[in-house]
2 protein chains.
Amino acid sequence: MKKDFWSNVNVAVLGGGSFGTVLANLASKNCGSVTLFMRNEDQARAMNSTRTNPNYSKDVVLSDKIKAVSSLEKVFELKPKMVIFALPSHATREVAKTIAHFFKGDEIVLHATKGIEEQSLKRISVVLREELPILRIGAISGPNLAGELARNEPAATVVSSPFDDVIEAGEQVLTTDRFRVYTAHDLIGVEWGGTLKNIFAIASGILDSSGFGWNTRSLLLSRGLAEMVRFGVAMGAKPETFLGLAGIGDLIATCSSSQSRNFRVGYQLAKGRSLADVLAELGQVAEGVRTTRIVYEFALERGVEMPITEAVYHIIQGEWSVERGVQHLMTRPQVQDEWV
Amino acid sequence: MKKDFWSNVNVAVLGGGSFGTVLANLASKNCGSVTLFMRNEDQARAMNSTRTNPNYSKDVVLSDKIKAVSSLEKVFELKPKMVIFALPSHATREVAKTIAHFFKGDEIVLHATKGIEEQSLKRISVVLREELPILRIGAISGPNLAGELARNEPAATVVSSPFDDVIEAGEQVLTTDRFRVYTAHDLIGVEWGGTLKNIFAIASGILDSSGFGWNTRSLLLSRGLAEMVRFGVAMGAKPETFLGLAGIGDLIATCSSSQSRNFRVGYQLAKGRSLADVLAELGQVAEGVRTTRIVYEFALERGVEMPITEAVYHIIQGEWSVERGVQHLMTRPQVQDEWV
């Protein structure tokens, strides 16, 4: 596709959360128009009139090219050539099912969801493939804290798909002079990278609560990366994918920002509070708690060595104290040559 | 060597800086006695009487097994079986030359110096090999901020050598229940990792000064890692070495701690001050400035692509503004598949 193809067509973003809003703004720089779907009609109306998202930072001023809508039918009025899913993992299948009949078949589908479908353990691209009459599907993943993107700080992401034209379209739609797009054909690795990092974000919050500094966090991130690679490879991913922005890059950002939901869960757990209490207070999904359970059980079954995941699992379950977790990790048998 | 071999013998640490002092304390947990060499006689005397290092944090209480000395001759009085160099890169050759005749030949030599010899571009293990009658040489490197180690926070390092018995000795001497030792046979990669990271620490200080957050820093770290791998491979290192604690681990810690000298140089440069002013005020060596020049020129000559190093070089030289550097990096041609 020629780059100016996009300047005349419509792109749809599903999900008016902070990241969906940022993605709509990025796409608006390269596309003819952007339709942003959110369930709440009042919110959509407010966004159209005030050009800001009332639920999030006032820093994000919406481009005039963006129109917010609250009906899925309206999303397809302008015949979008790209549909970007920016929904929580648990909502994706239902929305995809609802809108499947609107697709003509030539659309490109991307998703920006970090997590997997809970019951099935399916990656989000697989869920979309099952529900939509579309083959050309990809994912967007990287160290992309929405607040920082809204402030136009330099950042980059990875667009991943087995299909070259999906990658190319993602580059053309999202690249700006403050937002670079890298690419990866290993969709399995990119999706698992965005999922697994949440386990280590919980661990990072736990360690932060103990007052530990950068030596400890760097140790967590380095050995967390090793666990991500081992698990990813067992799922069919390529190890090198985890060395990029959607692997170590996203891991660093998520584990360092005290804004991350999963980080906050870890922090509060380490203060001795119960998981139920912490989650109730948060009032939001903490993807990492579910991910930890799923990955721990799967790793156990498959014999993938994931000692940090194991410790996070037992701390979440209330079975281990933080001190026991740290001691377990620090006094394991010596490992010969770090990367095997 | 049996593990209890060390509990009856002496280990020497050369260099009474903050890291040398911490290493002496770690070794004292596993060894019969530790001799800590520092040039300043008053400082040595003060350490022996107060059990703290007067120049550094009072958190480090020295083990009773440590004796500080200020003469190199005295270092060898107790016939150390291991000698650990913890000196600045520029001082290592001279000290090694001075003490070469004290060695019997069965000692194990480790160094904890991050940097290379300026004129020759030689790695520190090569310098030691040239000056000492010793083959069994290795390096200690990892995310090891001395202040955090002094507070007994959980941390880990990498002991690296082509020789198994050096690695084993390093593990036995340095491992404690709060300090894990990983191993790597790729000494070239470990030494270059500890050297190259300082370039990106300067870059991190520059970006921090601009107020950018974790998206930008994670981008820097991910792409800095890619440059480290490319340069390291050109020098004969194995790529996977950079994925471990002595690569990405040390990179994260050094680029995130605002205590690092190189970080502070970058921060001040970005405030518009000249390099001469910044270095004069710092009153300490900032290894990264020299490293940036050396690596930039070498990469240019060899055709190794290092765009971040290039930008840091031009900012250090006063040739580019920070904004120009950022723009240069953000608007480079798209890269197909991140890791090749």
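Residues numbered from 1 in each chain as written. Chains lettered and ligands numbered in written order. Predicted model: local features only at pLDDT ≥ 70, side-chain atom pairs only at ≥ 80, totals over all residues. Heavy atoms only, no water.

Draft legend 1. Molecular detail of the relation of the copies chain B and chain A. Superposing chain B onto chain A takes a rotation of 180 degrees plus a shift of 0.0 Å along the axis, which leaves an RMSD of 0.0 Å. Here the two chains are linked by the operation of a two-fold rotation axis. Closest approach to the rotation axis among the C-alpha atoms of chain B is made by Leu243(B), whose C-alpha sits 3.8 Å away. Most of the interface of chain B is mirrored in chain A, where 100% of its interface residues again form contacts. (Least-squares fit on C-alpha atoms with pLDDT ≥ 70 in both. Contact = heavy atoms within 4.5 Å.)

Draft legend 2. Quick peek at the pattern of salt bridges. Residue and element names in this part refer to chain A. Evaluation of the coordinates by the stated rule reveals 40 salt bridges over all chains. Of the charged contacts in the structure, one is a salt bridge between Arg 51 and Asp 64, with a shortest N-O distance of 3.8 Å. Of this pair, Arg 51 sits in the loop between α2 (41-50) and β3 (66-69) while Asp 64 is found in the loop between α2 and β3, placing the two residues 13 residues apart along the sequence. Arg 51 sits in the buried class, given a relative accessible area of 15%. A salt bridge links Glu 281 to Arg 273, with the shortest nitrogen-to-oxygen separation between them at 3.2 Å. (Salt bridge = Lys/Arg side-chain N within 4 Å of Asp/Glu carboxyl O. Helix = DSSP H or I, 4+ residues; strand = E, 2+ residues; numbered from the N terminus. Buried < 20%, exposed > 50% of the residue type's maximum accessible area, 1.4 Å probe, protein only.)

Draft legend 3. Looking closely at the sheet that holds strand β2 (residues 33-37) of chain A. All names here are of chain A. Spatially, the eight strands line up as an open sheet ordered β3-β2-β1-β4-β5-β6-β7-β8, and their pairing is mixed. Taken across any chain shown, the strands that pair with only one partner, and hence form the sheet edges, are β3 and β8 (179-184). Across the sheet, the mean angle from the axis of one strand to that of its neighbour is 25 degrees, orientation sign disregarded. One ladder, built from five bridges, connects strand β1 (residues 10-14) with β2; its direction is parallel. Bridge pairing in β2 links Leu 14 to Phe 37. (Pairing = 2+ DSSP bridges. Axes fitted to C-alpha atoms, helices over the stretch in contact; angles between N-to-C directions.)

Draft legend 4. Representation of the interface of chain B and chain A in the model. Contacts between the two partners involve 56 residues from chain B, matched on the other side by 56 residues from chain A. Both sides together, the interface formed by chain B and chain A hides about 4,900 Å², and carbon and sulfur atoms give 54% of it. Two residues, Arg178(A) and Glu323(B), come together in a salt bridge whose shortest N-O distance is 3.7 Å. Across the contact surface, chain B and chain A share 20 residue pairs in polar contact (both at pLDDT 80 or more). Elements supplying a minimum of two residues to the side of chain B that touches chain A: α6 (146-150), β7 (155-160), β8 (179-184), α9 (214-234), α10 (245-256) and α15 (322-330) of chain B. At nine residues, α9(B) tops the list of elements feeding residues into the side of chain B that touches chain A. The class makeup of the residues in the side of chain B that touches chain A is 27 nonpolar, 17 polar and 12 charged. (Buried area = accessible area lost by both parts, 1.4 Å probe. Polar contact = N/O pair within 3.5 Å; in protein donor to acceptor, adjacent residues only side chain to side chain. Nonpolar A, V, L, I, M, F, W, Y, C, P; charged D, E, K, R; others polar.)

Draft legend 5. Just the sheet that holds strand β1 (residues 10-14) of chain B, in detail. Residues and elements named next belong to chain B. Across the sheet, which stays open at both edges, the eight strands sit in the order β3-β2-β1-β4-β5-β6-β7-β8 with mixed pairing between neighbours. Single-partner strands in this sheet number two, and they are β3 (66-69) and β8. The sheet shows a mean angle of 25 degrees between the axes of neighbouring strands, taken without regard to direction. Each of β4 (82-85), β5 (108-111) and β6 (137-141) is contacted by helix α5 (residues 124-131), which is oriented at about 145 degrees to β5, the strand it contacts most.

Draft legend 6. Layout of unusual backbone geometry. Residue and element names in this part refer to chain A. At Arg 51, a position not held by glycine, the phi torsion is positive, near 60 degrees. Of note, the phi angle at Lys 79 is positive, near 50 degrees, even though the residue is not glycine. By the secondary structure assignment, Lys 79 is in the loop between α3 (72-75) and β4 (82-85).

Draft legend 7. Structural detail: empty space enclosed by the protein. For the structure on display, the rule yields six cavities of 30 Å³ or more. A volume near 340 Å³ is recorded for the largest cavity. Surrounding the largest cavity, 23 residues form its lining, Leu207(B), Leu219(B), Leu220(B), Ile308(B) and Leu329(B) being those nearest its centre. When residues of the lining of the largest cavity are traced back to their parent elements, those giving at least two are β8 of chain A together with α8 (187-209), α9, α14 (307-316) and α15 of chain B. Here the lining of the largest cavity is composed, by residue class, of 16 nonpolar, two polar and five charged. (1 Å grid on protein atoms, 1.4 Å probe; cavity = no way out; pocket = protein on both sides within 12 Å on 5 of 7 lines; lining within 4 Å. Points joined across faces, edges and corners; volume = space filled by probe spheres on them.)

Draft legend 8. Spatial organisation of the confidence of the model for chain A. With 97% of its residues at a pLDDT of 70 or more, chain A shows a mean pLDDT of 93. The complex prediction reports pTM at 0.95, with the ipTM value standing at 0.95. (pLDDT = per-residue confidence, 0-100.)

Draft legend 9. Expanded view of the packing of helix α13 (residues 287-302) of chain A against helix α14 (residues 307-316) of chain A. All names here are of chain A. In contact at an axis separation of 9 Å, α13 and α14 are set at 125 degrees when each is read in the N-to-C sense. It follows that α13 is oblique to α14 by the angle criterion. For the pair α13 and α14, the crossing hand works out as left-handed. Across from Val 289, Thr 292, Arg 293, Val 295, Tyr 296 and Glu 297 in α13, the residues of α14 making contact are Thr 309, Glu 310, Val 312, Tyr 313, His 314 and Ile 316. Its residues assigned to classes, the contact of α13 with α14 comprises six nonpolar, three polar and three charged. (Parallel < 35°, antiparallel > 145°, perpendicular 65-115°, else oblique. Left-handed = near helix turned anticlockwise from the far one by under 90°.)

Draft legend 10. Spotlight on the environment of Arg293(B). Residues and elements named next belong to chain B. Structurally, Arg 293 is set in helix α13 (residues 287-302). Among the residues examined, Arg 293 registers a relative accessible area of 33% and is labelled partly exposed. C-alpha of Arg 293 to C-alpha of Tyr 313: the two residues are 20 residues apart in sequence and 6.3 Å apart in space. At a separation of 3.1 Å, a polar atom in the side chain of Arg 293 contacts the side chain of Gln 317.

Draft legend 11. Looking closely at the packing of aromatic side chains. All chains considered together, the criterion is met by 13 aromatic pairs over all chains. With a centroid separation of 5.7 Å and an interplanar angle of 65 degrees, the aromatic rings of Phe231(B) and Phe298(B) are classed as edge-to-face. On the criterion of sequence distance, the pair formed by Phe231(B) in helix α9 and Phe298(B) in helix α13 is long-range, its members being 67 residues apart. Given a relative accessible area of 1%, Phe231(B) falls into the buried group. Put simply, the rings of Phe76(A), Phe102(A) and Phe103(A) pair up and form one aromatic cluster. Note that Arg217(A) overlies the ring of Trp214(A), its terminal NZ or CZ placed 4.7 Å from the centroid. (Phe/Tyr/Trp six-rings, centres within 6.5 Å; stacked < 30°, edge-to-face > 60°. Lys NZ or Arg CZ within 6 Å of the ring centre and 35° of its normal.)

Draft legend 12. Seen up close, α14(A). Residue and element names in this part refer to chain A. Here α14 lies mainly inside the structure; nine of its 10 residues are buried. Among all positions of α14, only Pro 307, Ile 308, Thr 309, Ala 311, Val 312, Tyr 313, His 314, Ile 315 and Ile 316 are buried. Of the surrounding secondary structure, the elements contacted by the buried residues of α14 are α8 (187-209), α9 (214-234), α11 (261-270), α12 (275-282), α13 and α15 (322-330). Looking one or two residues past α14, Gly 318 carries a phi angle of roughly 75 degrees, positive in sign.

Draft legend 13. Layout of the pairing of β2(A). Residues and elements named next belong to chain A. Along β2, five of the five residues are buried, which leaves the element largely enclosed by surrounding structure. Burial along β2 is two-sided: the residues Ser 33, Thr 35 and Phe 37 and Val 34 and Leu 36 are all buried. Of the crossover connections in this fold, the one passing from β1 over helix α1 (residues 18-28) to the parallel β2 is right-handed. (Right-handed = clockwise from strand over helix to strand, strands pointing away.)

Draft legend 14. Focus on the environment of Gly20(A). Residue and element names in this part refer to chain A. Along the chain, Gly 20 turns up in helix α1. For Gly 20, a relative accessible area of 1% gives the class buried. Sequence separation between Gly 20 and Ile 116 is 96 residues, and the spatial gap between their C-alpha atoms is 18 Å. The contact partners of Gly 20, leaving out residues within four places of it in the chain, are Val 13, Gly 15, Leu 36 and Ala 86.

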